[in-house]
Structures are given as C-alpha cells and as structure tokens.
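# A look at the structure
Okay, here's what each chain looks like letter by letter:
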Amino acid sequence: LIAMSELLETNHSKHAHLQIKIAISGAAETSHLTSEDLKICEEIGREVVRHGAVLISGATTGVPIWVAKGAKLQGGVSVGLSPASGEREHVELYKLPLEYMDFIIYTGFGYVGRDILLTRTSDAVIIGPGRIGTIHEFTVAFEDKKQIGILTGQWDTEDIIKEIIEKSHRKDYNRKIVYDSNPKILVEKLIAFVEQDKTEVLKNASIREFDANSLSKHDGF
C-alpha cells in the first residue's frame, strides 16, 4: 500500500489541498477547567502541527484559542471559522479574539450554522472539554460519519458523548471514534485513520488526472 505521504510528495502541486485538516471543538467558557486542562488543550494544537496537519477552530475564546495558540507556537497553520459575518461583528458583537489565527473565515451563520461548516471543512474532529456547543459539534460530526477523537479528562464531556452514542442507534459509527487522555497518542490515532481514507481518495483521483492541455479545452480557460 502506497503511503499517503508518498502520494502527496509526488503530486504536491496538484493535490496540496489534501493536506490533513483537524478541527478542535471545546468550550468557549472555561471557568470549570484548570490551568493544566488548558495546557493539555494547547498541547493538542501543537500535536496537530507536529503531524503536518492544519488546525481548524471555531475562532472563539476558551479551548479554541488555546489550541490555536499551540498550533501557532509550534509554527503551524491555524484557521478560524467565525459565527460572525465580518471582523467588526466578530470582535464587537460576539466578543471573539483575532489572535493565533492565520486567517478567519466569517461564515455569518451564527454558532449553529458555523458548527456545520467547521466539521465539514475538516477531515477529522477532536472533541475536547466542552458544553452544549461542543456536544452539537460532536453530533454533527458523528452523523456525518467523520473520524472523531475524544480527549478524555476530569471533565464530563466524554461521559455525555458515550451516553449519546449508547442511545443513538448508530453503533456502526463507533469504529470512527477513538478515545485518549494523551494528546500525542490521540492525534496519532486520528491521523492514521485519516491517512488511510485520503490514500484511497488519491488513488481514485489518479485514475482521472487532468493536465493543463485538457483544462484549456474547456470554456473559461
């Protein structure tokens, strides 16, 4: 089996968009978390970058800004998806940060609509400590059969998610969910699943490769 890294290396100019993108979901309000919990979230952001992936966050305070900070301090790319329709609304109405993100996509869809774009923009989703918004992002990713990593810890998010799965009548989805309290191990497990999927996508794409000459034959080129 050809490794995804080999396929990307040989097809970089055509398939750079297939670089792995990992979304991190977690609470914007973190008074229930300790400083050590937040450091673990920062480490998740670092691990995403160490594995060569792009970090996607909800561009909010709390867990999202901590993971974005970790990604940028590690020298990686951090993208935020905001519920706001523009920078002014993002800052003044939603009271959200601009730090630690290379660019922010202003969805204008509020938190609920933003959540769908957040998960669908990404190849996999990591669920950190969170509340109702995080649970919503989990359920969207879960129903879309995304690869999901659950960061376990002293918070109760994991227990809520396990109950949802137990009562969801979707037990066939469980193979796409991994759990771990160690950021490094969790990201490694998730990346392995995503690489397997992307290798298959690249192999299928190679069957119908385009070149500059074939593209120029179409209107508009």
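Residues numbered from 1 in each chain as written. Predicted model: local features only at pLDDT ≥ 70, side-chain atom pairs only at ≥ 80, totals over all residues. Heavy atoms only, no water.

What follows deals with the overall build of the protein chain. Secondary structure summary: the protein chain contains 10 helices and 7 strands in total. Buried positions account for 48% of the 221 residues belonging to the protein chain. Entry remark: accessible area of the protein chain is about 11400 Å², with carbon and sulfur atoms responsible for 54%. (Helix = DSSP H or I, 4+ residues; strand = E, 2+ residues; numbered from the N terminus. Buried < 20%, exposed > 50% of the residue type's maximum accessible area, 1.4 Å probe, protein only. Areas by Shrake-Rupley, 256 points an atom, 1.4 Å probe, with all protein chains shown as cover.)

The next subject is the sheet that holds strand β2 (residues 54-57). Taken in spatial order, the 7 strands line up as β4-β3-β2-β1-β5-β6-β7 in an open sheet, and their pairing is parallel. Because the sheet does not close on itself, it has two edges, and the strands there are β4 (103-106) and β7 (177-180). Sheet twist, expressed as the mean angle between neighbouring strand axes with direction ignored, is 25°. The pairing of strand β1 (residues 21-25) with β2 spans 3 bridges and is parallel. The partner of isoleucine 22 across the bridge, within β2, is leucine 55. (Pairing = 2+ DSSP bridges. Axes fitted to C-alpha atoms, helices over the stretch in contact; angles between N-to-C directions.)

What follows concerns the pattern of salt bridges. Per the counting criterion, the structure on display carries 15 salt bridges. Across the pair aspartate 180 and lysine 189 runs a salt bridge, and its minimum N-O distance is 3.2 Å. Residue classification places aspartate 180 among the buried positions, given a relative accessible area of 15%. Each of the salt bridges in this network shares a partner with another, and the network as a whole consists of Lys39, Glu42 and Arg46. (Salt bridge = Lys/Arg side-chain N within 4 Å of Asp/Glu carboxyl O.)

Its 16 residues place the ends of helix α3 (residues 35-50) 23 Å apart at the C-alpha level, agreeing with the 22 Å of an ideal helix rising 1.5 Å per residue. Those residues of α3 that sit buried are Asp37, Leu38, Cys41, Glu42, Ile44, Gly45, Arg46, Glu47, Val48 and Val49. (Expected span 1.5 Å × (residues − 1).)

Here we take up the packing of aromatic side chains. Evaluated as defined, the whole model comprises 2 aromatic pairs. Ring centres of tyrosine 94 and tyrosine 111 lie 5.4 Å apart, and the angle between their planes is 80°; on these two criteria the pair is classed as edge-to-face. Within this pair, whereas tyrosine 94 is found in the loop between α5 (87-93) and β4, its partner tyrosine 111 is found in helix α6 (residues 110-121), the two being separated by 17 residues in sequence. For the pair phenylalanine 138 and phenylalanine 142, a centre-to-centre distance of 5.3 Å together with 20° between the ring planes defines the contact as stacked. Of this pair, phenylalanine 138 and phenylalanine 142 both sit in helix α7 (residues 132-143), 4 residues apart, which is roughly one turn of that helix. For the pair phenylalanine 138 and phenylalanine 142, one class covers both residues: buried. (Phe/Tyr/Trp six-rings, centres within 6.5 Å; stacked < 30°, edge-to-face > 60°.)

Let us look at the packing of α6 against α7. Look at α6 against α7: their axes get within 9 Å of each other, and the N-to-C directions meet at 45°. Considering the angle they form, α6 stands oblique to α7. When you trace α6 past α7, the crossing you get is right-handed. Every residue of α7 that contacts α6 at Val112, Arg114, Asp115, Ile116, Leu118 and Thr119 is listed here: Gly133, His136, Glu137, Val140 and Ala141. The residue makeup of the contact of α6 with α7, split by class, is 5 nonpolar, 3 polar and 3 charged. (Parallel < 35°, antiparallel > 145°, perpendicular 65-115°, else oblique. Left-handed = near helix turned anticlockwise from the far one by under 90°. Contact = heavy atoms within 4.5 Å. Nonpolar A, V, L, I, M, F, W, Y, C, P; charged D, E, K, R; others polar.)

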